[in-house]
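Notes for the structure review
If you want the building blocks of each chain, they are given just below.
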Amino acid sequence: MKVAVVGATGMVGEVMLKVLAERNFPITELLLVASERSVGKKMTYKGEEYSIIGLADAVAAKPEIAIFSAGGDTSTEWAPKFAAVGTTVIDNSSAWRMDPTKKLVVPEINASQLTKDDKIIANPNCSTIQLVMVLDPLHTKYKMKRVVISTYQSVSGTGVKAVQQLENEIAGVKGEMAYPYPIGRNALPHCDVFLENGYTKEEMKLAREPQKIFDDKTFSVTATAVRIPTAGGHSESVNIEFENDFDLTEVRKMLSETPGVVLQDNPETNTYPMPIYAHDKDEVFVGRIRRDETQRNTLNLWIVADNLRKGAATNAVQIGEYLVANDLV
Ligand SMILES: NC(=O)c1ccc[n+]([C@@H]2O[C@H](COP(=O)([O-])OP(=O)(O)OC[C@H]3O[C@@H](n4cnc5c(N)ncnc54)[C@H](OP(=O)(O)O)[C@@H]3O)[C@@H](O)[C@H]2O)c1
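Residues numbered from 1 in each chain as written. Predicted model: local features only at pLDDT ≥ 70, side-chain atom pairs only at ≥ 80, totals over all residues. Heavy atoms only, no water.

1. Notes on the sheet that holds strand β2 (residues 29–33)
Rule in force here: The criterion for strand pairing is that DSSP finds at least two bridges linking the strands in question. Helix and strand assignments follow DSSP, with helices taken as H or I runs no shorter than four residues and strands as E runs no shorter than two, numbered in order from the N terminus. The criterion used for residue contact is that any of the two residues' heavy atoms lie within 4.5 Å. Throughout, an axis means a line fitted to C-alpha atoms (over the contacting stretch in the case of helices), and angles, computed between N-to-C directions, take values from 0 to 180 degrees.
On the basis of which strands lie adjacent, the open sheet formed by 6 strands has the order β2-β1-β5-β6-β8-β7 and parallel pairing. Either end of the sheet is taken by a strand with one partner, and the two such strands are β2 and β7 (103–104). Of the pairings in the sheet, the one linking strand β5 (residues 65–68) to strand β6 (residues 88–91) comprises 4 bridges and is parallel in character. Paired with Ala-66 across the strands is Val-89, a residue of β6. Sheet contacts for helix α1 (residues 11–22): β1 (2–6), β2 and β5; angle to β1, the most-contacted strand, approximately 155°. Along the sheet, helix α10 (residues 309–325) makes contact with β5, β6 and β8 (120–122), crossing β6 at roughly 155°.

2. Topic: the state of the cysteines
Inclusion rule: Pairs of cysteine sulfur atoms within 2.5 Å are what we label disulfides. Burial here depends on accessible area, computed with a 1.4 Å probe over protein chains only, as a share of the maximum for the residue type. Under 20% is buried, over 50% is exposed, and the range in between is partly exposed.
Counted under the stated rule, the structure contains 0 disulfides. Cys-191 supplies the cysteine sulfur nearest to Cys-126, a cysteine that is in no disulfide, at a spacing of 9.0 Å. By relative accessible area, Cys-191 is classed as buried at 0%.

3. Notes on the pairing of strand β14 (residues 298–305)
Where burial is concerned, most of β14 is hidden: 8 out of the 8 residues are buried. Residue alternation in β14 divides its side chains into two sets, Thr-298, Asn-300, Trp-302 and Val-304 and Leu-299, Leu-301, Ile-303 and Ala-305, and both sets are buried. In this sheet, β14 lies alongside strand β13 (residues 284–291) in antiparallel orientation, the contact comprising 6 bridges. Pairing of Val-284 across the sheet is with Ala-305, part of β14. Following β13, the chain reverses through 6 residues before pairing antiparallel with β14; Asn-297 in that reversal takes a positive phi of roughly 50°.

4. Regarding the pattern of salt bridges
Think of it this way: side chains of opposite charge can pair up when their charged atoms draw near. Heads up, the condition is: Every case where a carboxyl oxygen of Asp or Glu lies within 4 Å of a side-chain nitrogen of Lys or Arg is listed as a salt bridge.
Under the defined criterion, the tally for this structure stands at 19 salt bridges. Of the charged contacts in the structure, one is a salt bridge between Glu-321 and Arg-23, with a shortest N-O distance of 2.8 Å. Here the residue Glu-321 occupies a position in helix α10, and Arg-23 occupies one in the loop between α1 and β2, the gap between them amounting to 298 residues. By relative accessible area, Glu-321 is classed as partly exposed at 24%. Residue Arg-23 is classed as partly exposed on the basis of its relative accessible area of 30%. Two residues, Asp-245 and Arg-291, come together in a salt bridge whose shortest N-O distance is 3.0 Å. Taken as a pair, Asp-245 in the loop between β11 (234–242) and α8 (248–256) and Arg-291 in strand β13 lie far apart in primary sequence, 46 residues in all. Where salt bridges share partners, they join Lys-18, Glu-22, Asp-280, Asp-282 and Arg-309 into one cluster.

5. Details of helix α5 (residues 126–142)
Put simply, the rule reads: Take the residue count of a helix, subtract one, and multiply by 1.5 Å to get its expected span. The bend at a residue is defined as the angle formed between two axes, one fitted to the seven residues ending at that residue and one fitted to the seven starting there.
Between its terminal C-alpha atoms α5 stretches 25 Å, which fits the 24 Å expected from 17 residues at 1.5 Å a residue. The largest bend along α5 measures about 40° and falls at Leu-135, with the proline Pro-137 one to four residues further on. Burial of α5 is extensive: 14 of the 17 residues sit out of reach of the surface. Just downstream of α5 lies Lys-143, where phi reads positive at about 65°.

6. Points about the domain arrangement of the protein
To be explicit about the condition: Residue ranges assigned to the domains are those given by an automatic or database domain assignment. Put simply, buried area is how much 1.4 Å-probe accessible surface two parts lose in total, over both of them, once they are put together. Throughout this description, a polar contact denotes any pair of N or O atoms lying within 3.5 Å of each other; where both atoms belong to protein, one of them has to be capable of donating a hydrogen while the other can accept it, and for residues adjacent in sequence the pair is counted only when both atoms sit in side chains. Under the convention adopted here, Pro, Cys and the residues Ala, Val, Leu, Ile, Met, Phe, Trp and Tyr are nonpolar, Asp, Glu, Lys and Arg are charged, and Gly plus all remaining residues are polar.
Splitting the protein by domain gives domain 1 (2–124 + 312–325) and domain 2 (127–307). Listed as interface residues are 22 residues of domain 1 and, on the opposing side, 20 residues of domain 2. Its largest share of buried area at the contact with domain 2, domain 1 owes to Met-11, Met-98 and Ile-109, together 34% of the area lost on that side. Here domain 1 and domain 2 share 2 salt bridges between them. The partner of Arg-97 in a salt bridge is Glu-209, with the nearest N and O atoms 3.3 Å apart. For the pair domain 1 and domain 2, the number of links is 7 residue pairs in polar contact (both at pLDDT 80 or more). Residue assignment for the side of domain 1 that touches domain 2 shows that the elements contributing at least two residues are α1, α4 (107–110) and α10. Looking at the side of domain 1 that touches domain 2, its residues break down into 9 nonpolar, 6 polar and 7 charged.

7. Focus on the layout of surface pockets
As a reminder, the rule being used: Here a cavity means grid points, on a 1 Å grid over the protein atoms only, where a 1.4 Å probe fits yet cannot get out; a pocket means an open set of points with protein on both sides within 12 Å along at least five of seven lines; lining residues are those with an atom within 4 Å of a point. Grid points are joined across faces, edges and corners, and a volume is the space filled by probe spheres set on the points.
Taken as a whole, the largest pocket spans an internal volume of roughly 1400 Å³. Lining the largest pocket are 47 residues; nearest its centre among them are Ser-69, Ala-70, Gly-71, Thr-158 and Gly-159. At the level of secondary structure, the elements contributing two or more residues to the lining of the largest pocket comprise α1, α3 (72–84), α6 (160–171), α7 (201–214) and α10. Counting residues per element, the lining of the largest pocket draws most heavily on α3, which supplies 4 residues. Classifying every residue of the lining of the largest pocket gives 16 nonpolar, 21 polar and 10 charged.

The structure is reproduced here in structure tokens:
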């Protein structure tokens with residue numbers, strides 16, 4: 001496969017290259033693409049040096065697959081140009097996620113919807129992916145009515161500039177601010193931009209994307225998204241009300257048997273998921289599983305995953321692997 005990685009110099013792009021190499025994605029030619037600012041810069045993949053090229057040159061090269069992690073504006077403008085020359089685009093931005101003509105894919109849940117005609121495929125939001133990985137088996141078995149989620153999101157979810165802001169604050173150095181306030185020793189109830197309804201865009205992604213992924217509007221999700229000074233992954237406190245009652249032992253057993261999900265749930269040994277241990281792992285970790293004692297058929301749990309891995313790069317590469325394995329590119 002001729003593969004283009006668009007946004008190769010970014011936070012997600014760098015992990016994308018690592019994941020493509022680790023999983024030995026069948027690459028015969030690799031195009032590393034970023035903004036005009038980076039054209040000519042060198043990056044390495046599997047020990048070989050590559051020069052960054054611009055988007056127009058990448059389209060002209062007609063890659064079979066282009067994995068985009070370069071922001072919504074770049075995807076909106078350039079993904080159709082790649083699609084027009086026959087490239088299948090796997091897009092990490094929010095540009096196409098809610099477009100009814102595009103599929104929003106978490107391979108473990110809905111890759112089977114993909115066909116050869118899908119030329120722009122959307123990767124869900126990082127905090128959505130780890131959420132639906134855990135909700136999927138539970139929804140199938142007990143049928144969700146309502147999900148209330150509060151997130152504790154890593155600075156790596158905002159990109160290179162935000163990680164730099166935190167590092168500058170720790171080092172006591174003045175520098176560019178990615179957030180309107182300091183992030184060290186702080187918690188910002190503000191991820192992505194505010195919308196007219198008073199929610200942030202991140203909160204509305206969490207509310208809408210699960211319905212599309214499950215192709216089911218019979219349940220609802222409400223969210224509060226908070227940025228905290230961690231770097232290894234996003235954490236989520238999730239309260240789920242089901243139509244049907246559940247058995248906690250069965251819930252734990254089901255989650256422990258779900259591919260891509262790891263159960264870490266033992267209060268006696270202080271076992272629960274944490275971002276420093278989820279860092280650089282592909283799995284989604286779940287723990288603190290307990291019955292909500294204030295409401296019928298309701299469960300509380302805690303989900304952690306590396307937002308740059310399963311929340312972005314790993315999920316995108318898994319989509320690519322599915323396309324290749326099923327002869328869809
Ligand atoms: N961080 C996460 O956890 C995460 C998770 C899921 C999805 N995403 C999505 O992935 C995308 C990238 O996020 P990130 O965190 O990696 O951001 P980032 O660290 O700021 O990197 C942005 C990347 O996009 C490139 N870029 C920016 N403007 C461009 C343009 N006009 N043309 C071509 N390339 C351009 C940058 O190239 P230069 O170096 O040349 O500026 C850089 O490679 C965003 O759409 C984000 O929403 C991020």
